[in-house]
Amino acid sequence: MTRTVYVNGKYLPENEATVSIFDRGFLFADGVYEVTSVLDGKLIDFDGHARRLARSLGELGMRNPIATEDLLEVHRELVRANSIVEGLIYLQITRGAAADRDFAYPCEDTPPTIVLFTQNKPGLADSPMAKTGIKVISIEDQRWARRDIKTVQLLYPSMGKMMAKAAGCDDAWMVEDGAVTEGTSNNAYIVKGGKIITRHLSNDILHGITRAAVLRFAREAQMEVEERAFTVAEAQDADEAFFTSASAFVMPVVELDGAAIGTGAPGPVATRLREIYLDESRQVAI
Ligand code: PMP
């Protein structure tokens, strides 16, 4: 089926949607993005994604080409036009196309490029992987130092996924100065003695929208949360591990660098948090 996508104010069939070869997203990875999940045909945590988008744009001095109400309407129209019940909406904004390739930013009146498209993912909430858990490897974190900005420069995370695949695993957790930063496209957690441990917020990691929601639900459920860095050895010795992201929600991690974590099966804390997250998020989806 041909998708309807959104490019610079227009809804178009995917094969008719184009962006300039001079676009700075293409030439310099000069762009930011968001991924919002859809459950029951509704958007999960749209406001959180819109807020982080505004922050990413602000940190890069990039103009926001669309008001939040209009952005919501575009998301909803794409859900409708593509009959998405469970899936994802990808949004990208770049600094636009200057007349030529130049490292310096183009003049202020260069219109930013905005693109949105849907990904249909039936069964997203009922993922079989959530029942078995996933395996990760650790790799050195070789990304730039502003990981708090959600930019489209995702080559190293892609390389990390391929390293994980080559090792027969599902994902990689990145390590810097002896501590885990995050997964290639998710935030990382361990559970020890009932306490949920996840790296504190800083420029070293993306401030996950799912992370914020999950930690809030965990605290509301009287679970203990500690926001601090942890090592690979600590993770291997933990009772449980998991990751969070808008596209995978809460995902149990059962093996790290070949060592089983806890019983080697999804643990009760991750399983419970996944249930709570899905229940609560569905209730307030828009
Ligand atoms: N860290 C990184 C590096 C990511 O790419 C993502 C997902 N885009 C996350 C964390 C999770 O963020 P969110 O919960 O907002 O999807």
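Data block above holds the structure.
What counts as what
- Residues numbered from 1 in each chain as written.
- Predicted model: local features only at pLDDT ≥ 70, side-chain atom pairs only at ≥ 80, totals over all residues.
- Heavy atoms only, no water.
- Helix = DSSP H or I, 4+ residues; strand = E, 2+ residues; numbered from the N terminus.
- Expected span 1.5 Å × (residues − 1).
- Buried < 20%, exposed > 50% of the residue type's maximum accessible area, 1.4 Å probe, protein only.
- Arc of directions from axis to C-beta.
- Contact = heavy atoms within 4.5 Å.
- Near = heavy atom within 4 Å.
- Polar contact = N/O pair within 3.5 Å; in protein donor to acceptor, adjacent residues only side chain to side chain.
- Areas by Shrake-Rupley, 256 points an atom, 1.4 Å probe, with all protein chains shown as cover.
- Pairing = 2+ DSSP bridges.
- Phe/Tyr/Trp six-rings, centres within 6.5 Å; stacked < 30°, edge-to-face > 60°.
- Lys NZ or Arg CZ within 6 Å of the ring centre and 35° of its normal.

## Quick notes on helix α5 (residues 155-166)
Between the first and last C-alpha of α5 there are 16 Å, a value that for 12 residues agrees with the 16 Å anticipated at 1.5 Å per step. The complete set of buried residues in α5 reads Y156, P157, G160 and A164. Buried positions in α5, seen along its axis, are confined to an arc of 100 degrees and lie on one side of it. The exposed set on the far side of α5, more than 90 degrees from its buried face, consists of L155, M162, K165 and A166. The inward-facing, buried residues of α5 contact β7 (134-140) and β8 (171-176). Trailing α5 by a residue or two, G168 shows a phi angle of about 75 degrees, which is positive.

## With respect to the site of the ligand
In the vicinity of the ligand, 17 residues are found, and the nearest of them are R52, K150, E182, I209 and T210. In the environment of the ligand, a nitrogen atom lies 2.6 Å from a nitrogen or oxygen atom belonging to the side chain of E182. Within the backbone of A246, one N or O atom sits 2.8 Å away from an oxygen atom of the ligand. Surface burial for the ligand is 93%, taken as the share of its 390 Å² of free accessible area covered by protein chains. Put simply, the parts of the chain that give the shell around the ligand at least two residues each are β9 (179-183), α6 (209-220) and β13 (240-245).

## So, the pairing of strand β6 (residues 113-120)
Where strand β1 (residues 4-7) lies against β6, two bridges are found, and the strand directions are antiparallel. Its bridge partner being in β6, Y6 is matched across the sheet by L116. Relative to β6, strand β5 (residues 87-94) is paired through eight bridges, and the arrangement is antiparallel. Bridging across to β6, I89 finds its partner in T118.

## Considerations on the packing of aromatic side chains
Given two aromatic rings, their pairing is described by the distance between the two centres and the angle made by the two planes. A full pass over the atoms with the stated rule returns eight aromatic pairs. Through pairs of rings, three or more aromatic residues link up here, namely Y33, Y90 and F117. If you follow R95 out to its NZ or CZ, it ends over the ring of Y105, 3.4 Å from the centre.

## As for the environment of V254
Position of V254 among the secondary structure elements: in strand β14 (residues 249-256). Separated by 231 residues in the primary sequence, V254 and D23 place their C-alpha atoms 41 Å from one another. Excluding residues within four positions of it along the chain, V254 makes contact with T132, G133, I134, A259, A260, I261, G264, A265 and P266.

## Some thoughts on the pairing of β1
Across four bridges, the pairing between β1 and strand β2 (residues 10-13) is antiparallel. Note that in β2 the partner of T4 across the bridge is P13. Between the end of β1 and the start of β2, which pair antiparallel, lie two residues, with N8 showing a positive phi angle near 45 degrees.

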